[in-house]
Amino acid sequence: MKDITFSRRVALLGAAALPWIRAVKGQAKPKSVVISSANRNNGGVNCCAKAMEIIKGGGDTLDAVIAGVNIVELDPRDNSVGYGGLPNEDGVVELDASCMHGPSRRGGAVGALRNIKTPSKVAQKVLAETDHMMLVGEGALRFAKAAGFKEEDLLTEESRIQWLVWKRQMRDKNGHTNWESGIDAPPAAKKIGELKRLFPQADEALLEEALRNAANPPHGTINCIALNEKGEMSAVTTTSGLAWKIPGRCGDSPIIGGGLWLDQDVGGAGSTGRGEENLRVCGAHTVVENMRLGMSPKEAALDALKRVARNFDNDEKRLQAVDLNFYALRKDGEYAGASLWGTRNGRGPQFAVSTGDRESHHENCVYLFERK
Ligand code: GLY
């Protein structure tokens with residue numbers, strides 16, 4: 001295990017933590033910080049840079065993080081978020097998002113929303129323009145359309161091919177699938193060569209990714225949290241969720257307290273990865289409450305990951321299948337990314353950071369377990 005030496009202050013929570021909490025309350029002027037998950041194609045770095053630009057221009061922190069994640073939602077190459085996201089088992093893209101605005105202490109969320117490219121913006125509308133906290137499915141779509149959002153097909157050609165590859169990989173014990181000709185179909189897993197014949201328009205990298213994603217359906221997601229110099233904070237999480245899910249499945253991303261939590265008196269947290277495991281520890285809320293009790297962002301996030309591990313009796317073999325990350329930003333600007341698993345070379349996965357005085361960049365997550 002790495003980086004999990006908790007201070008005596010944390011071990012002796014309660015009265016011993018109070019002087020520290022007072023110290024943070026009496027801190028000097030906070031500096032602007034934006035953090036997010038890394039995402040593909042420099043998505044996290046671009047997201048943080050955009051959010052920081054808006055904050056520096058005097059914009060609201062919620063507008064800033066929403067504009068940041070919109071870049072990734074609209075990027076068809078990120079197949080875990082928004083447009084181009086990997087679809088449910090019916091081949092339909094279903095999106096989840098939630099957001100929290102620190103100054104007004106309000107939240108909004110949408111779950112299993114179809115046909116709208118930017119679910120984070122719909123979640124922001126729920127926050128700002130309704131007396132509700134969360135809308136799902138058909139009702140969320142009707143609300144989005146009433147609010148002026150355009151209904152569009154979110155399935156790209158690449159996502160459609162990946163979905164078909166997944167369907168072909170579903171076989172009975174004799175290796176049969178209805179998605180190829182003849183009951184005498186060979187039982188072996190499909191090789192790239194055959195997939196290339198079936199999908200001549202797809203490049204090899206896409207087909208290799210499709211095979212990986214058929215075997216290990218990914219979760220993806222982007223979470224972004226911001227702090228400005230006035231001490232105001234906001235956060236957002238948005239995703240297309242688990243690939244090939246049962247229609248209607250919501251993960252942690254739209255669950256306020258699960259995939260996202262923020263109290264600007266303390267800080268904010270969010271997650272990416274397997275939502276089901278996060279929900280079993282109410283992760284983002286747990287991370288923020290850990291910080292309230294005196295843990296650093298790093299300690300707070302690692303503690304939440306330890307709770308996930310505990311749900312598997314700390315059995316690293318079973319935990320191999322779980323991919324989960326937390327991101328935490330404290331009101332004084334201290335931050336961390338934390339992952340259940342580090343890579344073999346001793347590094348964690350990365351997350352994105354912009355501190356205003358430095359270009360938006362990647363940093364390494366701390367982690368709980370190292371892959372053998
Ligand atoms: N964390 C994204 C999901 O599980 O849907």
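So, here is what we can say about the structure in this document. Note that this is a predicted model, so its numbers are computed, not measured.

With respect to the overall build of the protein
So, point 1. Along its length, the protein carries 13 helices and 13 strands.
So, point 2. The buried share of the protein, reckoned over its 372 residues, is 55%.
So, point 3. Only carbon and sulfur atoms are counted for the fraction: they give 50% of the accessible area of the protein, which is about 15,800 Å².

What to know about a nonpolar patch on the surface
So, point 1. Residues Met-133, Met-134 and Val-136 make up a contiguous nonpolar surface patch of roughly 250 Å² in combined accessible area.
So, point 2. Since its relative accessible area comes to 45%, Val-136 is described here as partly exposed.

With respect to the sheet that holds strand 10 (residues 335–342)
So, point 1. Spatially, 5 strands are ordered 7-8-9-10-13 in an open sheet, and the strand pairing comes out mixed. Two strands lie at the open edges of the sheet, namely strand 7 (260–263) and strand 13 (366–370), each paired on one side alone. Put simply, the sheet's adjacent strands are angled 10° from each other on average, direction ignored.
So, point 2. Taken together, the 4 bridges between strand 10 and strand 13 define a ladder with parallel strand orientation. Paired with Trp-341 across the strands is Phe-369, a residue of strand 13.

Remarks on the pairing of strand 12 (residues 361–364)
So, point 1. As judged from the 4 bridges shared by strand 11 (residues 350–354) and strand 12, these two strands associate in the antiparallel manner. Directly across from Ala-352, in strand 12, lies its bridge partner His-362.
So, point 2. Connecting the antiparallel pair strand 11 and strand 12 is a turn made up of 6 residues, with Gly-356 showing a positive phi of about 85°.

Observations regarding helix 9 (residues 204–215)
Each α-helix turn comprises 3.6 residues. Residues three or four places apart therefore point the same way.
So, point 1. With 12 residues, helix 9 should reach 16 Å at 1.5 Å per residue; the first-to-last C-alpha distance of 17 Å fits that figure.
So, point 2. If you check which residues of helix 9 are buried, you get Leu-206, Leu-207, Glu-209, Ala-210, Asn-213 and Ala-214. Along the axis of helix 9, the buried residues cluster in a sector spanning 160°; they form a single face. In helix 9, the exposed positions angled more than 90 degrees off the buried face are occupied by Ala-205, Arg-212 and Ala-215.
So, point 3. Elements in contact with the buried residues of helix 9: helix 7 (157–169) and helix 8 (192–198).

Considerations on unusual backbone geometry
So, point 1. Non-glycine residue Asn-41 carries a positive phi angle of around 50°.
So, point 2. Within the secondary structure layout, Asn-41 lies in the loop between strand 1 (33–37) and helix 3 (43–56).
So, point 3. Phi angles above zero are rare outside glycine, and Asn-314 is one such case at about 55°.
So, point 4. Locating Asn-314 in the fold gives a position in the loop between helix 12 (297–310) and helix 13 (316–319).

Focus on the site of the ligand
So, point 1. Taken together, His-219, Thr-221, Gly-241, Leu-242, Arg-249, Gly-251, Asp-252, Ser-253, Gly-273 and Gly-275 make up all the residues around the ligand.
So, point 2. Arg-249 places a side-chain nitrogen or oxygen 2.6 Å from an oxygen atom of the ligand.
So, point 3. Between an oxygen atom of the ligand and a main-chain N or O atom of Gly-275, the distance comes to 2.9 Å.
So, point 4. Summarising the interface, the protein chains cover 100% of the accessible area of the ligand, which totals 200 Å² for the free molecule.
So, point 5. Split by residue class, the shell around the ligand holds 1 nonpolar, 7 polar and 2 charged.

Details of the side chain of Asn-39
So, point 1. Note on placement: Asn-39 falls in the loop between strand 1 and helix 3.
So, point 2. Within the structure, the side chain of Asn-39 is placed 2.7 Å from the side chain of Ser-37, a separation counted as a polar contact.
So, point 3. A distance of 3.2 Å separates the side chain of Asn-39 from the side chain of Asp-78, its partner in a polar contact.
So, point 4. The contacts of Asn-39, once residues within four sequence positions are left out, are Gly-44, Val-72, Asp-78, Ser-80, Val-81, Thr-221 and Ile-222.

Describing the nonpolar core
So, point 1. Grouped together as the largest cluster of nonpolar side chains are 34 residues, with contacts concentrated most on Val-34, Val-110 and Val-122.
So, point 2. Elements represented by at least two residues in this core include exactly helix 3, helix 4 (61–73), strand 2 (94–101), strand 3 (106–114), helix 5 (119–129), helix 6 (137–146) and strand 5 (222–227).
So, point 3. Not counting chain neighbours up to four residues away, the residues in contact with Val-122 comprise Val-110, Leu-113, Ile-116, Phe-143, Ala-144 and Phe-149.
So, point 4. With 27 residues, the next largest nonpolar core counts Ala-309, Phe-312, Leu-319 and Leu-368 among its residues.

Here is what the cut-offs are and how they apply
Within every chain, residues take consecutive numbers counted from 1 along the sequence as written. The predicted nature of this model means local features are confined to residues of pLDDT at least 70 and side-chain atom pairs, given and counted, to a pLDDT of 80 or more, with totals for whole chains, interfaces and linings taken over all residues. As a convention, hydrogens and water are excluded, and side-chain values are obtained from all of the structure's heavy atoms. Strands are runs of DSSP state E lasting at least 2 residues, helices are runs of H or I lasting at least 4, and numbering of each runs from the N terminus. Only protein chains enter the area calculation, which uses a 1.4 Å probe; residues under 20% of their type maximum are buried, those over 50% are exposed, and those in between are partly exposed. Here the open area of atoms and residues is found with the Shrake-Rupley method and a 1.4 Å probe, where only the protein chains shown may cover a residue. Each patch is built from residues lacking any salt bridge and having more than 30% relative accessible area; the joining distance is 9 Å for like charges and 5 Å for nonpolar side chains (Val, Leu, Ile, Met, Phe, Trp, Tyr). For this analysis, a salt bridge means a side-chain nitrogen from Lys or Arg found within 4 Å of a carboxyl oxygen belonging to Asp or Glu. Pairing between strands requires that DSSP locate at least two bridges from one strand to the other. For helices, the fitted line uses only the C-alpha atoms of the stretch in contact; every axis is such a line through C-alpha atoms, and the angle between N-to-C directions lies from 0 to 180 degrees. Multiplying 1.5 Å by the residue count of a helix minus one yields the expected span of that helix. What the arc describes is the spread of directions from the helix axis to the C-beta atoms. What makes two residues a contact is simply this: any of their non-hydrogen atoms within 4.5 Å. Whether a residue is near a molecule or strand is decided by its heavy atoms; if any one of them lies within 4 Å of it, the residue is near. The definition of a polar contact used here is a pair of N or O atoms within 3.5 Å, where within protein one atom must be able to donate a hydrogen and the other to accept one, and adjacent residues in sequence count solely through side-chain atom pairs. Residues are grouped as follows: nonpolar covers Ala, Val, Leu, Ile, Met, Phe, Trp, Tyr, Cys and Pro; charged covers Asp, Glu, Lys and Arg; every other residue, Gly included, is treated as polar. Take the buried Ala, Val, Leu, Ile, Met, Phe, Trp, Tyr and Cys residues and link them wherever side-chain atoms come within 4.5 Å; each set so joined is a nonpolar core.

Purely geometric stuff here, so don't read any function into it on its own.
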